[in-house]
There are 2 protein chains.
Amino acid sequence: MRQYNIELEPHRLPDHWYNIAPDMPGSMDPPLHPGTMQPLNPDDLAAIFPMGLIQQEMSTEPQIAIPGEVMDIYRLYRPTPLRRAYRLEEALETPAHIYYKNESVAPSGSHKINTAIAQAYYNKAEGISSMSTETGAGQWGTALSIACQMFGIACQVYMVRVSYDQKPYRRALIQTYGGNIMPSPSDTTDSGRAFLKDDPNTTGSLGMAISEAVEVAAKSEGATKYGLGSVLNHVLLHQTVIGEEALLQMAKVDEYPDVVIGCCGGGSNLAGIAFPYYGDAKRNGRSIEFIAVEPTSCPTLTRGHYAYDFGDTAKITPLLKQYTLGHNFMPPGIHAGGLRYHGVASQVAHLVREKAFKAVAVPQNPVFEACVLFARTEGIVPAPETGHAIRAAVDEALKCRDSGEAKTILFNLSGHGHFDMSAYEAYLSGKLTDIELDDAVLDAAEAMIPQVSV
Amino acid sequence: MRQYNIELEPHRLPDHWYNIAPDMPGSMDPPLHPGTMQPLNPDDLAAIFPMGLIQQEMSTEPQIAIPGEVMDIYRLYRPTPLRRAYRLEEALETPAHIYYKNESVAPSGSHKINTAIAQAYYNKAEGISSMSTETGAGQWGTALSIACQMFGIACQVYMVRVSYDQKPYRRALIQTYGGNIMPSPSDTTDSGRAFLKDDPNTTGSLGMAISEAVEVAAKSEGATKYGLGSVLNHVLLHQTVIGEEALLQMAKVDEYPDVVIGCCGGGSNLAGIAFPYYGDAKRNGRSIEFIAVEPTSCPTLTRGHYAYDFGDTAKITPLLKQYTLGHNFMPPGIHAGGLRYHGVASQVAHLVREKAFKAVAVPQNPVFEACVLFARTEGIVPAPETGHAIRAAVDEALKCRDSGEAKTILFNLSGHGHFDMSAYEAYLSGKLTDIELDDAVLDAAEAMIPQVSV
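All of these numbers come straight from a predicted model, not from anything done at the bench.

**Quick notes on helix α5 (residues 139-151) of chain B**
Residues and elements named next belong to chain B.
- Its 13 residues place the ends of α5 19 Å apart at the C-alpha level, agreeing with the 18 Å of an ideal helix rising 1.5 Å per residue.
- Counted residue by residue, α5 has 12 buried out of 13 residues, so it is predominantly covered.
- Of the residues one or two after α5, G152 is the one with positive phi, at around 70°.

The structure is reproduced here in structure tokens:
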């Protein structure tokens, strides 16, 4: 009897997040204050984040306990299933064993809610009654809306205008979950008004929306705090519940991955599946190949600069050491909106820099080809972002077919694609183009990266 | 520790479907041949269904074994979780215990795939390489497409034209799953051409699409068979895996329902959750209130006639004894497309007639109110059809709040609403109207019900 789904018993839900900070190779460069360009103090962040999250951001403890109130809401959908992709393996005629962690079963349909619940909890615990955030493709705005709803906190979502206009159903979803949504740039913030003055017809960008959401928190005198859906250490930390579960589930079927794969925009879903395995392999002297997969149209890790840069367009966020295409890089309009960010988490960047993680870039047509194959074999329509991880997993499995190796491949199925069917429609009707950026385009954007010497 | 999800161990997946036929109260009137108006023989159905399904349609065995090949694909998503709606109970301040069977986790997002897999299997087993079907809202066309894909069978879907035009994403989903989709009425069938001749601008109806899909099978000389997503005995039979699992899961937490609720269009998801409990209660001398919930805008069970009627508009299907609004009744354009059928399964109709099941009708605004409350508390956005069951469950729970009774309420969460966000958008912006049909409208449609004396 095939056991497709390897479930974890409810009482075995991990009670801690894994903190990679003490396990990091080499030493990491600290975040910098955007005004002084000096290393950031915890207090510098207090205007926009609650202290519980700032402590996690800077923590060097190897594990951080998950609060009971967070565990309680995690139990609505966690542990998520680990699935053996038998039917995909058959279709590929590969001797590889392919496993995926199915985060698409989460409320809001992606891993994003793992940190949204934690962020809403820590804000609520410090008496905050309102959060602001930005969203591009919409997954993060959806997740934070439902999480805030569950803790009785108001949620203000700045949605990149082009997505706001093009995705009425995503908008309706956020509203159904109780979020208050505003197209960005808007006239409700100084930065928004400045962007609109520059270009009244701008379609907006994630960098602009971040500027607006951060400004709302910074100017609220403590009433509103800001929530970010990726990039920061504490966000990556919250996602490690994914990999902590996967470790227990893989052990149940006596498997250990040779390859661990995640798609990579800001880096949080990759970190979620990969960091706990990184720590486990290090402790137990095992070897795993970690692969971060990004689009060729936004090649942060494979073609970006390793440098300090801002997280937003208005340059009001701290500077993080990272791979970056430049903070005002405007990526082409590909369908994996969650992978269109100019930068990446410092922790992920550092691991790539240290060659502990490998980065690959793939074009969107091969991604959708893998998505359709996956849907037809495994029954789940993946998000285009997730499709990048599937593409890489398929490529690894095909290498195994050629070599005869029976590698064990694990990837993170970070979300479903139910709100991305226009992308599937475009792919199925042959309308998608694969984009390879000119060096000149990248050079122009990278020229805007600030010169910093610490 | 709250245990929201009551999982069933994979090895306890039921290995049989429950057949209600031998447990039926009273005696049932047989289906009739549409030409002779005489009781149907198995051979009369052989042109459109494989013999394996025809045998199930007429079986009086109390249980029917689920074939291993079907079990194998069921294991991709089954057993589905049974969930205790703690957070909904809290929001309602009710002493009631509310449970729901979460069929929304199935590939394609609804219970429909439970029978689609079985139908594809029995067709494949008899050497059929192609199936035809109709779809209205799209759930059934999606389910049969992925099921056919898994057995290597071609799938031709006639989609009601108004849905085909209004729901490009549902169309893309069916194509992603490998289905071949055609708006109905089309010029590919005699019945389609006749409908178009009557009215070239017709928006189509489920009755018309059934006529086309049945015609394709009937004229294919055995190459193509037809698949129906509800109404027939064998379809209801395949759905009983839902209730069989629920029996085992409720027993794990030592609960037995006082009330079992399902929304009711053709009747298959209601039957899936309710029939096994009907049989169990009968065997064990227990008492359960069964509630079928339909929209006030298509009030088949609450305001229809109990009579023989056709299943389709062109009158080429067998006549079934049922509650019916008349086979050419055109329901108003409400958002629960799956509940817009003029008739209902004979078995469900018989149980309502015998007062073993109760029927209630609810308007769409209160349904969406319950949907939004459910999304915000339980995290899942339900399909509008499913919202009817939720509305009734909420109403029962509110009665318990008033009376102080701690009833145990079980309903079937038949599907998610990810492809129905336009309906949520309409509700949230106050654009939905509640429809109460005039007697004159119903009388006119019911005048078309054939006069049959057996």
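Here the narrative resumes, following the displayed structure.
**Overview of the packing of helix α16 (residues 421-428) of chain A against helix α7 (residues 168-176) of chain B**
- At their nearest, the axes of α16 of chain A and α7 of chain B sit 9 Å apart, and the two run at 60° to each other. With respect to their mutual orientation, α16 of chain A and α7 of chain B come out oblique. The handedness of the crossing between α16 of chain A and α7 of chain B is left-handed. Residues M421, S422, Y424, E425 and L428 of chain A of α16 of chain A lie in contact with α7 of chain B, whose contacting residues are P168, Y169, R171, A172, L173, Q175 and T176 of chain B.
- For the contact of α16 of chain A with α7 of chain B, the residue count by class is 7 nonpolar, 3 polar and 2 charged.

**Some remarks on the relation of the copies chain B and chain A**
- After a rotation of 180° and a shift along the axis of 0.0 Å, chain B superposes on chain A with an RMSD of 0.0 Å. As the rotation angle and translation indicate, the two copies are arranged about a two-fold axis. Among all residues of chain B, the minimum C-alpha distance to the rotation axis is found for H418 of chain B, at 3.1 Å.
- Looking at chain B, 100% of its interface residues are interface residues in chain A too, so the copies touch through the same face.

**Here's the deal with the sheet that holds strand β15 (residues 408-413) of chain A**
Residues and elements named next belong to chain A.
- Taken together, 7 strands build an open sheet; the order of strands is β1-β4-β5-β15-β10-β11-β14 and the sheet is mixed. If you trace the sheet from one side to the other, it starts and ends with β1 (5-6) and β14 (357-362), each paired once.
- Across 5 bridges, the pairing between strand β10 (residues 259-263) and strand β11 (residues 289-295) is parallel. Bridging across to β11, I261 finds its partner in I291.
- The strands touched by helix α11 (residues 268-284) are β5 (97-102), β10, β11, β14 and β15; relative to β10, the strand with the most contacts, the crossing angle is about 160°.

**Focus: the interface of chain B and chain A**
- In this complex, chain B contributes 44 residues to the contact, which on the side of chain A involves 44 residues.
- The largest per-residue losses of area from chain B upon contact with chain A belong to L76, T176 and R376 of chain B, which jointly make up 17% of the total buried on that side.
- Where chain B touches chain A, the interface holds 2 salt bridges.
- In this structure, R171 of chain A and E425 of chain B form a salt bridge, with 3.8 Å as the shortest nitrogen-oxygen distance.
- The interface formed by chain B and chain A includes 17 residue pairs in polar contact (both at pLDDT 80 or more).
- Of all the elements in the fold, those that place two or more residues in the side of chain B that touches chain A are α2 (68-74), α5, α7, α15 (364-378) and α17 (421-428) of chain B.
- No other element matches α7 of chain B, which puts 7 residues into the side of chain B that touches chain A.
- Residue classes in the side of chain B that touches chain A are distributed as 22 nonpolar, 13 polar and 9 charged.

**Considerations on empty space enclosed by the protein**
Residues and elements named next belong to chain A.
- On inspection of all chains with the given rule, the structure shows 5 cavities of 30 Å³ or more.
- The computed volume of the second largest cavity comes to approximately 460 Å³.
- Along its surface, the second largest cavity is lined by 31 residues, and K112, W140, S230, G266 and G338 are the ones closest to its centre.
- At the level of secondary structure, the elements contributing two or more residues to the lining of the second largest cavity comprise β6 (130-135), α5 (139-151), α9 (206-218), α11 and α15 (384-403).
- Each of domain 1 (5-10 + 78-109 + 239-446) and domain 2 (21-66 + 111-233) accounts for three or more of the residues forming the lining of the second largest cavity.

**Quick look at the sheet that holds strand β7 (residues 154-160) of chain B**
All names here are of chain B.
- A sheet is described by the order of its strands in space; here 4 strands give the open sequence β8-β7-β6-β9, paired in parallel fashion. Each edge of the sheet is formed by a strand with only one pairing partner; in this case those strands are β8 (180-184) and β9 (224-226). Strand-to-strand twist of the sheet, defined as the mean angle between neighbouring strand axes without regard to direction, takes the value 25°.
- α5 rests against β6 (130-135) and β7 of the sheet, and its axis sits at about 165° to β6.
- Set on the sheet, α7 makes contact with β6, β7 and β8; between it and β8 the angle comes to about 145°.

**A few points about unusual backbone geometry**
- Omega for the bond connecting S184 of chain A with P185 of chain A falls within 30 degrees of zero, at 5°, which places this linkage in the cis form.
- Looking at where P185 of chain A falls in the secondary structure, it is placed in the loop between β8 (180-184) and α8 (190-198).
- A positive phi is found at E93 of chain B, a non-glycine position, where the angle reads about 50°.
- At K315 of chain B, a residue that is not glycine, the phi angle is positive and equals roughly 60°.
- Mapped onto the fold, K315 of chain B is located in the loop between β12 (305-310) and β13 (319-324).

About the criteria used
- Residues numbered from 1 in each chain as written.
- Chains lettered and ligands numbered in written order.
- Predicted model: local features only at pLDDT ≥ 70, side-chain atom pairs only at ≥ 80, totals over all residues.
- Heavy atoms only, no water.
- Helix = DSSP H or I, 4+ residues; strand = E, 2+ residues; numbered from the N terminus.
- Expected span 1.5 Å × (residues − 1).
- Buried < 20%, exposed > 50% of the residue type's maximum accessible area, 1.4 Å probe, protein only.
- Axes fitted to C-alpha atoms, helices over the stretch in contact; angles between N-to-C directions.
- Parallel < 35°, antiparallel > 145°, perpendicular 65-115°, else oblique.
- Left-handed = near helix turned anticlockwise from the far one by under 90°.
- Contact = heavy atoms within 4.5 Å.
- Nonpolar A, V, L, I, M, F, W, Y, C, P; charged D, E, K, R; others polar.
- Least-squares fit on C-alpha atoms with pLDDT ≥ 70 in both.
- Pairing = 2+ DSSP bridges.
- Buried area = accessible area lost by both parts, 1.4 Å probe.
- Salt bridge = Lys/Arg side-chain N within 4 Å of Asp/Glu carboxyl O.
- Polar contact = N/O pair within 3.5 Å; in protein donor to acceptor, adjacent residues only side chain to side chain.
- 1 Å grid on protein atoms, 1.4 Å probe; cavity = no way out; pocket = protein on both sides within 12 Å on 5 of 7 lines; lining within 4 Å.
- Points joined across faces, edges and corners; volume = space filled by probe spheres on them.
- Domains from an automatic or database assignment.

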